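Architecture and fold: a report
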Amino acid sequence: MKVLIADDDPVTRKLLKRTLDGWGHETFAVDNGGDAWEVFRTYRVTFVIADWMMPVMNGLELCSKIRSSNAAEYVYLVLLTGNDRKEHIVEGLNAGADDYMTKPFERDELRVRLRVGERILNFEKQISEKNSQLVSLNARLEELANLDPLMEIGNRRSLYETIRRVHHRACRYLHVYGLIMCDIDNFKLYNDTYGHLAGDDALKTVAGSVKQCLRFSDHVFRYGGEEIAIVLPDQDIETSMKVAERVRKNIESLRIEHKGCDKGVLTLSCGVAAFDLEDNDSKWETLLDRADKALYMAKTSGRNRVCSYCNETGALSGPV
């Protein structure tokens, strides 16, 4: 254990250092509070024995400064004092000290107080490690709560949280953003023809292909069943349409056999909408509804195509 000794009395300082060195500790001995503070900052000491009365910075000031430093590890502080009056001891504990010893110290008392300090430091370390593990586990649970386990993209809960955040940012900073709703064509027939295990494999493959078409800043989610939602920050209707068409072409190019489709392969239909501040209705739910309407148009007009919603006219356009 690293132990810092701060005492301007050379006899006490040497006795403490010799004793602690003999017990196998790594010790640093200084004669004033200023040097003690520098040693503490440099060597990450976790056990400090400080004299109450010292030049530059006394023991109380040193304790207060160490406590306010937000050190990464807990620091056990012992004050050395020649005054054992109750009010004197309380003052030292209020300054941040954990324990105290009166001068001249006794070896047996020092050993006991050192062991108490070591137990507390070990306990604090265990608590810190468990807290760190708990934070990691909570972060992982939060991640899993927002993830669709099959397609390994965000789920609907995550979509709502993300689109709220993106929408708020767009309104606040006068930005645009796009939304694409995708649906795998005739997917129920695909499951009936090839089986649900093959359907699950197809969903995972489609999700992976969609992600490859997007920027790192874009967001993709499983909206439900075979539906996928894509949020495109800082994209208008024209650029969002281009992304949707790229996604559609990429899925078609996978050449996943689907006898129930006209092309004989698995295809995707997309509906696109985009947000801008000139729109009278500034709710994100409205954008979701518009993208869904555009998707319905893509599905009813032949599938395997991209349709969009025009904010100005309220009209649907497409297919691309």
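Below: a short report on this structure. (Residues numbered from 1 in each chain as written. Predicted model: local features only at pLDDT ≥ 70, side-chain atom pairs only at ≥ 80, totals over all residues. Heavy atoms only, no water.)

So, the sheet that holds strand E4 (residues 76-81)
Using the following cut-off: Strands were regarded as paired on the criterion that DSSP finds at least two bridges between them. Strands here are runs of E lasting at least two residues and helices are runs of H or I lasting at least four, both read from the DSSP assignment and numbered beginning at the N terminus. Orientation is described by lines fitted to C-alpha atoms, with helices fitted over the stretch in contact, and by angles between N-to-C directions that extend from 0 to 180 degrees. Note on contacts: a residue pair qualifies if any of its non-hydrogen atoms lie within 4.5 Å across the two residues.
The sheet built from 5 strands is open, its strands ordered E2-E1-E3-E4-E5 with parallel pairing. Because the sheet does not close on itself, it has two edges, and the strands there are strand E2 (26-30) and strand E5 (99-102). Taken pair by pair, the neighbouring strands of this sheet meet at an average axis angle of 20°, ignoring direction. Of the strands in this sheet, strand E1 (2-6), E2, strand E3 (47-51) and E4 are in contact with helix H1 (residues 10-22), which crosses E2 at around 175°. Set on the sheet, helix H3 (residues 59-67) makes contact with E3 and E4; between it and E4 the angle comes to about 175°.

With respect to the nonpolar core
Where we set the bar: Nine residue types can take part in a nonpolar core, namely buried Ala, Val, Leu, Ile, Met, Phe, Trp, Tyr and Cys, and a core is a set of them joined through side-chain atoms within 4.5 Å. Working definition: with a 1.4 Å probe on protein chains only, accessible area under 20% of the residue-type maximum means buried, over 50% means exposed, and in between means partly exposed.
Core analysis: the biggest nonpolar cluster contains 29 residues, and Ile 180, Val 210, Ile 228, Ile 230 and Val 247 have the highest contact counts within it. Listing elements by their share of this core, those giving two or more residues are strand E6 (177-184), helix H7 (187-194), helix H8 (196-212), strand E8 (227-233), helix H9 (237-252) and strand E9 (268-275). With sequence-adjacent residues up to four places away left out, Val 210 is seen in contact with Val 220, Ile 228, Ile 230, Val 247 and Ile 251. Judged by nonpolar contacts, the second largest core, of 23 residues, contains Val 45, Ala 50, Cys 63 and Ala 95.

Remarks on helix H5 (residues 107-145)
Keep this limit in mind: By this rule, a helix spans an expected 1.5 Å times one less than how many residues it contains.
In this model H5 runs 56 Å from its N-terminal to its C-terminal C-alpha over 39 residues, within 8% of the 57 Å that 1.5 Å per residue would give. Those residues of H5 not exposed but buried are Leu 110, Leu 114, Gly 117 and Leu 121.

Some thoughts on the pattern of salt bridges
What counts here: For salt bridges, the criterion is a side-chain nitrogen of Lys or Arg within 4 Å of an Asp or Glu carboxyl oxygen.
Enumeration according to the criterion identifies 20 salt bridges in this entry. Linking Arg 41 and Glu 38 is a salt bridge whose minimum nitrogen-to-oxygen distance equals 3.0 Å. Of this pair, Arg 41 and Glu 38 both sit in helix H2 (residues 33-43), 3 residues apart, roughly one helical turn. One salt bridge connects Lys 188 with Asp 192, and the closest N-O pair in it is separated by 3.2 Å. Here the residue Lys 188 and the residue Asp 192 both occupy positions in helix H7, the gap between them amounting to 4 residues, near one helical turn. When its relative accessible area of 61% is taken as the criterion, Lys 188 is described as exposed. Assessed through its relative accessible area of 53%, Asp 192 is described here as exposed. Connected through shared salt-bridge partners, Glu 245, Arg 248, Glu 252 and Lys 263 make up one network.

In short, the description is geometric, and any link to function would need to be established separately.
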